[in-house]
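# Residue-level structure breakdown
Take a look at the letters that make up each chain.
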Amino acid sequence: MHYISTRGASARLDFVEAMLAGLARDGGLYVPYSWPRLSPSTIAGFAGRPYAEVAVEVVKPFVGNAIAEADLARIAREAYGTFRHPAVAPLVQLDANLFVLELFHGPTLAFKDLAMQFVARLMDHVLTQRGERTTIVVATSGDTGGAAVEAFRGRAQVDVVALYPHGRISDVQRWMMTTPTDANVHCIAVEGTFDDCQALVKAMFNHHAFRDRVRLSGVNSINWGRIVAQAVYYFTAAVALGAPHRKIAFTVPTGNFGDVYAGYVASKMGLPVDRLVVATNVNDILARTFATGDYETRKVVATSSPSMDIQVSSNFERLLYETCGRDAAKVNALMGSLTQSGRFSVPSEALKEMRALFSADRADEQEVDAEIRAWMKEASYAIDPHTAVALAVAEKETRDPKVPMVVLSTAHPAKFPDAVKAACGVDPGLPDWLSDLPKKAERFTVLPADQAKIEEFVAGASRAAREGAAV
Ligand SMILES: *Cc1c(COP(=O)(O)O)cnc(C)c1O
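Conventions and cut-offs
- Residues numbered from 1 in each chain as written.
- Predicted model: local features only at pLDDT ≥ 70, side-chain atom pairs only at ≥ 80, totals over all residues.
- Heavy atoms only, no water.
- Helix = DSSP H or I, 4+ residues; strand = E, 2+ residues; numbered from the N terminus.
- Buried < 20%, exposed > 50% of the residue type's maximum accessible area, 1.4 Å probe, protein only.
- Polar contact = N/O pair within 3.5 Å; in protein donor to acceptor, adjacent residues only side chain to side chain.
- Contact = heavy atoms within 4.5 Å.
- Near = heavy atom within 4 Å.
- Areas by Shrake-Rupley, 256 points an atom, 1.4 Å probe, with all protein chains shown as cover.
- Pairing = 2+ DSSP bridges.
- Axes fitted to C-alpha atoms, helices over the stretch in contact; angles between N-to-C directions.

Okay, the side chain of Lys415 next. Within the secondary structure, Lys415 is located in the loop between strand E14 (405-409) and helix H18 (417-424). A residue is classified by how much of its surface remains accessible, and Lys415, at 1% relative accessible area, is buried. A polar atom in the side chain of Lys415 sits 2.8 Å from the backbone oxygen of Thr108. Within the local environment of Lys415, its side chain forms a polar contact with the side chain of Asp143, the two groups lying 3.0 Å apart. Excluding its chain neighbours within four sequence positions, the residues that come into contact with Lys415 are Thr108, Leu109, Ala110, Asp143, Ser170, Val172, Gln173 and Met176.

It is worth spelling out the site of the ligand at this point. Neighbouring the ligand are 15 residues; Lys112, Asp143, Gly255, Asn256 and Thr410 lie closest to it. One of the backbone nitrogen or oxygen atoms of Asp259 is found 2.9 Å away from an oxygen atom of the ligand. Contact distances for the ligand include 2.8 Å between a nitrogen atom and a side-chain N or O atom of Thr410. If the ligand stood free it would expose 380 Å²; the protein chains cover 96% of that surface.

In sheet architecture, strand pairing relies on hydrogen bonds along the backbone and comes in two forms, parallel and antiparallel. Within the open sheet, the six strands sit side by side as E3-E4-E14-E9-E10-E13. Their pairing is mixed. Each edge of the sheet is formed by a strand with only one pairing partner; in this case those strands are strand E3 (91-95) and strand E13 (358-362). Mean inter-strand twist for the sheet, computed between neighbouring axes without regard to direction, equals 25°. Both strand E4 (residues 98-102) and E14 contribute to a ladder of five bridges, which runs parallel. Bridged to Phe99 within E14 is Val406. Sheet contacts for helix H10 (residues 224-240): E3, E4, strand E9 (248-253), strand E10 (273-280) and E14; angle to E9, the most-contacted strand, approximately 140°. In the packing of helix H17 (residues 385-396) onto the sheet, contacts are made with E3, E4, E9, E10, E13 and E14, and the angle to E14 comes to roughly 160°.

A word on the sheet that holds strand E6 (residues 158-165). A sheet is described by the order of its strands in space; here five strands give the open sequence E8-E5-E6-E7-E15, paired in parallel fashion. Across the chains shown, the open sheet's two edge strands, defined by having one partner strand only, are strand E8 (216-217) and strand E15 (445-448). Taken together, the six bridges between strand E5 (residues 134-139) and E6 define a ladder with parallel strand orientation. Within the sheet, the bridge partner assigned to Thr134 lies in E6 and is Val158.

Any link to function would need more than the numbers given here.
And the structure:
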């Protein structure tokens, strides 16, 4: 299996190379050269099997010969062994044919763990085989940084540096990054916004001498390894509800379009997906795009679901590429227009194809609060604001009552205690196994949003840079 860029001007890579590269050199995203299909009998055979085993079956066709199957199986067992629920991603029924897929039982209480725990181990494995080191730098508005720190801490070949906006993330989110004691974990509290953090990471990637010196690598949501790992739970949830003998619909709280795009990957592989509903908060670029065909960026508004407060949804480019008949020249032109004027129009044929599988809608802050309140009242079930966005949208959707609707729950309510308490009066409280988190010592360095200062810190943290200098 090999991977090509949506912009058409990068060399083909295998799975491992695509995972380590992240973004393609031509600015595009990697997609598989062709879509592997799983037969209905293979999918039916997933019923009742442990999550880690299904993960191997779903991921294997994308990995090809790049990693031995026995290694893949061991890595999957270790990755999903860190979860606090034996089913890893359990389904909870809320109403007739309405289900919540709980993706928050990992070590940092957010769905990012499902991909990050797996990808970190895959990276460490291949780097060990190659005798190479890398430095992972990640900008975070909250969940990604914690998931990356937790997944990479203590790994032999990788140093991880997380950049977060000083004073602008929740306590729980910060503790998850700053309390691990492993020597390869480094946190920078940047005096600036999340956009500053992201711009700094981008600038480091574009500073090629620095990038090579520290062997910079990334694990943001465009990383192909993360996407494939996220396709797995679409299979486990659908099979538990009767697939492949029955179609299943999903509603996904969406920011960068990575999670819902993984549902598209599952459908391309043969899972009978009835509908993928894209749920956004008031930062609704995707809801507007599916409604009008115009992809147009606007200013970001801060909401109670910060992991979905985005201006552009990077992974949308992958769907665009597919629905434009894999025409890289067309994608290049559209992306050029986005850079120049902040907008482009989805070609009408592509829009028609998208609408055949996807719907989209948004939920505003009042709807989110009402949703949190309603489920607490009706079922004593606490949901976080991201999940509430998705549930609110799923309930607005006109749906076939015979088709099960699975709403993805992407964060534990305890990760956003203030918003949950404000909406329903109940403090969700940390799970017992995390109750000592607030008492642990924190380690972080406050730095200005200055590229030279940040680079100096990253180089000091990077074993790759130190060993390179010693040679
Ligand atoms: C990252 C995140 C999302 C958005 O996922 P995308 O793949 O970026 O669309 C939704 N909810 C939570 C809690 C997240 O951390």
